[in-house]
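Given next are the chains, with one letter for each unit.
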Amino acid sequence: PGQLHVVATPIGNLGDLSPRAQAVLRGVDAICAEDTRHTRQLLGHFGIERPLVALHEHNEDGLAARLVERLQAGESLALVSDAGTPLVSDPGYRLVRAARAAGLRVSPVPGPSALIAALSVAGLPSDRFVFEGFLPAKAGARRERLQALIAEPRTLLFYEASHRIAEMLADAAEVFGGDRPAVVARELTKLFETVLDGPLAALAARVAAEADQRKGEFVVIVEGVGENADARLADGRRVYALLAREMK
Ligand code: SAM
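If you're wondering where the values come from, they're calculated on a predicted model, not measured in any experiment.

**Student:** Help me understand the site of the ligand, please; the structure alone is not making it clear to me.
**Tutor:** Taken together, 24 residues lie around the ligand, and Gly84, Ser113, Ala114, Tyr159 and Leu188 are the ones closest in. Contributing elements (two or more residues each) for the shell around the ligand: helix H5 (114-122), strand S7 (155-160), strand S8 (181-186) and strand S10 (218-222). Taken together, the residues of the shell around the ligand break down into eleven nonpolar, seven polar and six charged.

**Student:** Teacher, can you tell me more about the environment of Asp171 here?
**Tutor:** Within the secondary structure, Asp171 is located in helix H7 (residues 165-176). A residue is classified by how many C-beta atoms lie within 10 Å of it, and Asp171, with 20 of them, is buried. Sequence separation between Asp171 and Gly27 is 144 residues; the distance between their C-alpha atoms is 47 Å.

**Student:** Explain the packing of helix H6 (residues 139-147) against H7 to me, please; I cannot follow it from the model alone.
**Tutor:** One way to put it is that H6 packs onto H7 with a least axis distance of 10 Å and a crossing angle of 40°. One finds that H6 runs oblique with respect to H7. Crossing angle aside, the handedness with which H6 passes H7 is right-handed. Facing H6, whose interface residues are Arg142, Arg143, Leu146 and Gln147, H7 presents Asp171, Ala172 and Val175. Looking at the contact of H6 with H7, its residues break down into three nonpolar, one polar and three charged.

**Student:** I keep staring at the sheet that holds strand S4 (residues 77-79) and nothing clicks. Help me out?
**Tutor:** Strands belonging to one sheet form pairs held by backbone hydrogen bonds; the direction of such a pair is parallel or antiparallel. Read from one edge of the open sheet, five strands run S3-S2-S4-S1-S5, paired in parallel fashion. Unpaired on one side and paired on the other, strand S3 (52-54) and strand S5 (106-109) mark the two borders of the sheet. Between one strand and the next, the sheet's axes are offset by a mean angle of 25°, whatever the strand orientation. As defined by bridge partners, strand S2 (residues 30-33) adjoins S4 across three bridges and the pair is classed as parallel. Across the sheet, the residue bridging to Ile31 is Ala78, located in S4.

**Student:** I tried to follow the nonpolar core on my own but got confused; where do I start?
**Tutor:** A general trend in soluble globular proteins is that nonpolar side chains are found buried together. Ala118, Leu169, Val220 and Ile221 are the most contacted members of the largest nonpolar core, which has 36 residues in total. Of all the secondary-structure elements, those providing two or more residues to this core are H5, S7, H7, S8, helix H8 (200-209) and S10. Formed by 25 residues, the second largest nonpolar core is a distinct cluster that contains Val7, Val28, Ile31 and Leu95.

**Student:** How should I be thinking about the pairing of strand S6 (residues 129-134) in this particular structure?
**Tutor:** Each regular strand shows side chains that alternate between the opposite faces of the sheet. Pairing analysis gives four bridges linking S6 to S7, with the strands arranged parallel. Considered in S7, the bridge of Val130 is made with Leu156. The parallel pair S6 and S7 is bridged by H6, and the resulting crossover is right-handed.

**Student:** Would you mind showing me how to read helix H3 (residues 60-72) here?
**Tutor:** The periodicity of an α-helix, 3.6 residues per turn, causes residues three or four places apart in sequence to face the same way. Taking 1.5 Å per residue as the helical rise, H3 with its 13 residues ought to reach 18 Å, and the 18 Å between its terminal C-alpha atoms agrees with that figure. Those residues of H3 not exposed but buried are Ala64, Leu67, Val68 and Leu71. Along the axis of H3, the buried positions cluster into a sector of 105°, meaning they face one direction only. In H3, those exposed residues whose orientation departs by more than 90 degrees from the buried face are Gly62, Ala65, Arg66 and Glu69. Looking at the buried side of H3, the elements it contacts are strand S1 (4-7), S2, S4 and helix H4 (93-101). The first or second residue beyond H3 is Gly74, which carries a positive phi of 110°.

**Student:** Can you walk me through the environment of His45 in this structure?
**Tutor:** Summarising the element assignment, His45 is placed in helix H2 (residues 36-45). The class of His45 is exposed, set by 10 C-beta atoms lying within 10 Å. On a C-alpha basis, the gap between His45 and Ile150 in space is 45 Å, while along the polypeptide they are 105 residues apart.

**Student:** Mind showing me how you'd approach the sheet that holds S10 here?
**Tutor:** One open sheet holds the five strands; their spatial order is S6-S7-S10-S8-S9, and the pairing between them is mixed. At either margin of the open sheet sits one strand with a lone partner, and together these are S6 and strand S9 (194-199). For this sheet, the mean angle separating the axes of adjacent strands, direction not counted, is 15°. Two strands pair when backbone bridges link them, and S7 and S10 are joined in this way by five bridges, in the antiparallel orientation. The partner of Tyr159 across the bridge, within S10, is Val219.

Basis of the calculations
Residues numbered from 1 in each chain as written. Predicted model: local features only at pLDDT ≥ 70, side-chain atom pairs only at ≥ 80, totals over all residues. Near = placed C-beta within 6 Å. Helix = DSSP H or I, 4+ residues; strand = E, 2+ residues; numbered from the N terminus. Nonpolar A, V, L, I, M, F, W, Y, C, P; charged D, E, K, R; others polar. Buried ≥ 20, exposed ≤ 12 C-beta atoms within 10 Å, placed from the backbone. Axes fitted to C-alpha atoms, helices over the stretch in contact; angles between N-to-C directions. Parallel < 35°, antiparallel > 145°, perpendicular 65-115°, else oblique. Left-handed = near helix turned anticlockwise from the far one by under 90°. Contact = placed C-beta atoms within 7 Å. Pairing = 2+ DSSP bridges. Core = buried A, V, L, I, M, F, W, Y, C linked by C-beta atoms within 7 Å. Right-handed = clockwise from strand over helix to strand, strands pointing away. Expected span 1.5 Å × (residues − 1). Arc of directions from axis to C-beta.

Shown next as structure tokens:
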């Protein structure tokens with residue numbers, strides 16, 4: 001049988017497509033991609049021409065079985081997403097699960113991920129961290145999710161979209177307290193790469209005040225609650241949040 005290669009692609013800088021990623025993409029029978037137009041463009045830069053299969057959230061379940069059949073018939077396939085590492089806030093886990101359940105080999109070609117890139121330059125404790133992906137779009141649900149994280153001791157990482165970054169930082173400052181250390185990593189590996197650090201309140205104010213700081217793609221990192229006095233404050237906040245929810 002063939003194997004499924006899960007291939008990381010750049011998050012903004014074409015130079016980050018590794019030589020091995022290029023070789024694997026060149027060698028497979030087909031490439032499963034989130035957005036085939038986007039991926040065709042990426043491959044075009046490297047002179048790679050392979051058949052593409054559109055695999056996204058809405059067709060992944062139905063498609064996985066057919067792709068597994070192709071692997072069983074001896075084809076080799078690659079899975080990519082629009083940017084970074086597939087399955088990290090991106091489609092793919094259903095296909096990977098189906099391939100593994102069928103006893104097929106699934107092999108990674110590791111590379112960029114915005115999450116790890118941001119963590120690597122944040123300068124916040126990184127021995128233990130929690131990736132929360134995207135927060136809910138609606139304000140109420142977003143705050144509830146943040147409140148559930150008030151007493152989390154590990155460093156917290158979030159993905160955020162440009163049209164919500166200001167609101168998200170304001171909510172985070174309110175829920176975690178304005179003095180909690182945080183980092184906003186924007187447009188990593190791209191022309192306007194910016195990494196801002198400071199207490200949440202100051203970051204929220206800066207991003208609210210400067211339109212340029214709301215453009216592009218973001219990873220927000222918030223330090224976990226420390227083992228110091230902050231922990232008791234956090235516990236108070238958590239109890240308060242629970243009470244507030246009960247009383248709604
Ligand atoms: N699979 C990707 C990865 O491994 O990073 C993430 C996909 S997710 C749909 C896209 C989100 O990742 C963006 O909304 C943003 O929060 C974050 N992101 C992607 N590229 C980024 C970059 N160059 N700088 C900062 N954040 C980025």
